[in-house]
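Each chain, letter by letter, is given below.
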Amino acid sequence: MRAFYLVVTRYIVRLRPLDRAALFVICTYLALAFGTQSGTSVAGQGLDPVLAAARQRGTLRVAVDFGFLPFSGIVDNQPIGYDIELAREVATRLGLQVEFVPSGLDSIYDDLAARRADMAASALPYAPEQGWRARFSSFYFNAGQVLVVPQGSPINQIDQLDGRAVGVPLGSDADTYARRLLADGFSFKLIADRDTPAEVIAALRRAELDAVIIDHAAALTELAAAPELQIATALTLEPYVLAVAPDAFQLHAEINRVLDTLRREGFFDELGRRWFR
């Protein structure tokens, strides 16, 4: 198992950052396309009832859980966040106004099925087990674990952690991942005596740690105020996706077309700079 980690990580690290992003996009898109879109092709199907109704209303209704900043929240009675701006832009590119429908991760698929919403945009993890309830877009954000080190550190991949002090927030997904690495044969010193990513990053800045493992969103937020640190490499892939009802096949295709265009235009880079700081 350790050998598998090393081979995969070494291959990814050799790629330029842009090539890594392209590799993640291509691999995930192919996986989503195979896992959730197999079966009857779009050709020969009738009209997409979800997109047709949205066009008739002139609005795209978007289900959102508003309790997950920086992706979504409410400030002064106005929706704000990374996903909010993304949903607005998708609607605009489709020639529609946007209407946000308050929801929750436990009810978001029901809102799509009951036609209370046309699309879900709520830091929604790709969930293949829900493929019978929704079509998933290509991913737009990797929320997986990343390795953070000081600028100039010789550490740039996980096989260079042996003997090093590696910090993680106690009880987090990063903690679980790090303990799995140890069980698979890695031999770094795990430090899990802090509760939050901010506390772990602070310890790294004080040189009490050699490296930190935290989730990508937390890393982007913390590193905005810590230019002496850098993300050395991505460690896991946990994609966030948009979702629509299973019969919204045309809307699904249009959303993926818009996402592809936004990637080419650098929209997500600018969005990240605004919301992870």
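Below or above, wherever it landed, is the structure these notes cover. Bear in mind that the values here come from a model prediction, so they are computed numbers and not experimental data.

Remarks on unusual backbone geometry
Omega for the bond connecting Leu69 with Pro70 falls within 30 degrees of zero, at 10°, which places this linkage in the cis form. Tracing the sequence through the fold places Pro70 in the loop between strand 1 (59–64) and strand 2 (73–75). Phi is positive for Arg115, close to 65°, though the residue is something other than glycine. Topologically, Arg115 is positioned in the loop between helix 5 (108–113) and strand 5 (119–125). Despite not being glycine, Ala207 shows a phi value in the positive range, around 65°. As for its placement among the helices and strands, Ala207 is situated in the loop between helix 7 (197–205) and strand 11 (211–215).

Points about the side chain of Arg135
Tracing the sequence through the fold places Arg135 in strand 6 (residues 135–136). Buried charged residue Arg135 carries no salt bridge. Nearest counter-charge: Asp247, at 7.0 Å. In this structure the side chain of Arg135 is engaged in a polar contact, spanning 2.5 Å, whose partner is the backbone oxygen of Pro246.

A closer look at the environment of Phe71
Looking at where Phe71 falls in the secondary structure, it is placed in the loop between strand 1 and strand 2. Separated by 13 residues in sequence, Phe71 and Ile84 have C-alpha atoms that sit 7.2 Å apart.

Some thoughts on helix 8 (residues 216–223)
Listed in full, the buried residues belonging to helix 8 are His216, Ala217, Ala218, Ala219 and Leu223. Summarising the contacts, the buried residues of helix 8 are in contact with strand 7 (141–142), strand 8 (145–150), helix 7, strand 11 and strand 12 (229–234). The backbone nitrogen of Ala217 lies 3.1 Å from a side-chain oxygen of the residue at the head of helix 8, namely Asp215.

Some details on the pairing of strand 10 (residues 189–194)
Relative to strand 10, strand 9 (residues 165–169) is paired through four bridges, and the arrangement is parallel. Bridge pairing in strand 10 links Ala165 to Lys189. For the crossover from strand 9 across helix 6 (residues 173–183) to strand 10, the handedness is right-handed.

Side note on the sheet that holds strand 8
Read from one edge to the other, the open sheet built from five strands follows the order 10-9-11-8-12, with strand pairing classed as mixed. Strands at the two margins of the open sheet, each flanked by one partner only, are strand 10 and strand 12. With strand direction ignored, the average angle separating the axes of adjacent strands in the sheet is 35°. Of the pairings in the sheet, the one linking strand 9 to strand 11 comprises two bridges and is parallel in character. Opposite Val166, over in strand 11, you have Ala211 as the bridge partner. Against the sheet, helix 7 engages strand 8, strand 9, strand 10, strand 11 and strand 12, with an angle of about 160° to strand 11. Here helix 8 sits on the sheet in contact with strand 8, strand 11 and strand 12, set at roughly 120° to strand 11.

What about the nonpolar core?
In this structure, Leu86, Val90, Met119, Phe141, Leu242, Leu251 and Phe268 are the most contacted members of the largest nonpolar core, which totals 38 residues. Within the residue set of this core, elements represented by two or more residues are helix 3 (49–57), strand 1, helix 4 (82–93), strand 5, strand 13 (239–244), helix 9 (249–265) and helix 10 (267–275). In terms of residues, this core owes the most to one element, helix 4, which gives six residues. Not counting chain neighbours up to four residues away, the residues in contact with Phe268 comprise Tyr82, Leu86, Tyr140, Leu259, Leu262 and Arg263.

Observations regarding the layout of surface pockets
The computed volume of the second largest pocket comes to approximately 360 Å³. As for the second largest pocket, its lining consists of 21 residues, and the residues nearest its centre are Phe68, Asp215, Ala217, Ala218 and Tyr240. Broken down by secondary-structure element, the contributors of at least two residues to the lining of the second largest pocket are helix 6, helix 7, strand 11 and helix 8. Ranked by residue count, the leading element in the lining of the second largest pocket is helix 8, at four residues.

A word on the packing of aromatic side chains
A complete count under the given rule lists 14 aromatic pairs for this structure. With a centroid separation of 6.3 Å and 20° between ring planes, the pair formed by Tyr82 and Tyr140 is classed as stacked. One end of the pair, Tyr82, is in helix 4; the other, Tyr140, is in the loop between strand 6 and strand 7, and 58 residues separate them in sequence. The same class applies to Tyr82 as to Tyr140, namely buried. A centroid spacing of 5.4 Å and a plane angle of 90° characterise the contact between Tyr126 and Phe136, whose relative ring orientation is edge-to-face. Residue Tyr126 is located in the loop between strand 5 and strand 6, and its partner Phe136 is located in strand 6; the two are separated by 10 residues in the primary sequence. Every member of this aromatic cluster is reached through a ring pair, and the members are Phe68, Phe71, Tyr82, Tyr140, Phe141, Tyr240, Phe267, Phe268 and Phe276.

Cut-offs and rules
Residues numbered from 1 in each chain as written. Predicted model: local features only at pLDDT ≥ 70, side-chain atom pairs only at ≥ 80, totals over all residues. Heavy atoms only, no water. Helix = DSSP H or I, 4+ residues; strand = E, 2+ residues; numbered from the N terminus. Buried < 20%, exposed > 50% of the residue type's maximum accessible area, 1.4 Å probe, protein only. Lys, Arg positive; Asp, Glu negative; His and termini not counted. Salt bridge = Lys/Arg side-chain N within 4 Å of Asp/Glu carboxyl O. Polar contact = N/O pair within 3.5 Å; in protein donor to acceptor, adjacent residues only side chain to side chain. Contact = heavy atoms within 4.5 Å. Pairing = 2+ DSSP bridges. Right-handed = clockwise from strand over helix to strand, strands pointing away. Axes fitted to C-alpha atoms, helices over the stretch in contact; angles between N-to-C directions. Core = buried A, V, L, I, M, F, W, Y, C linked by side-chain atoms within 4.5 Å. 1 Å grid on protein atoms, 1.4 Å probe; cavity = no way out; pocket = protein on both sides within 12 Å on 5 of 7 lines; lining within 4 Å. Points joined across faces, edges and corners; volume = space filled by probe spheres on them. Phe/Tyr/Trp six-rings, centres within 6.5 Å; stacked < 30°, edge-to-face > 60°.

Honestly, it's all geometry; don't read function into it.
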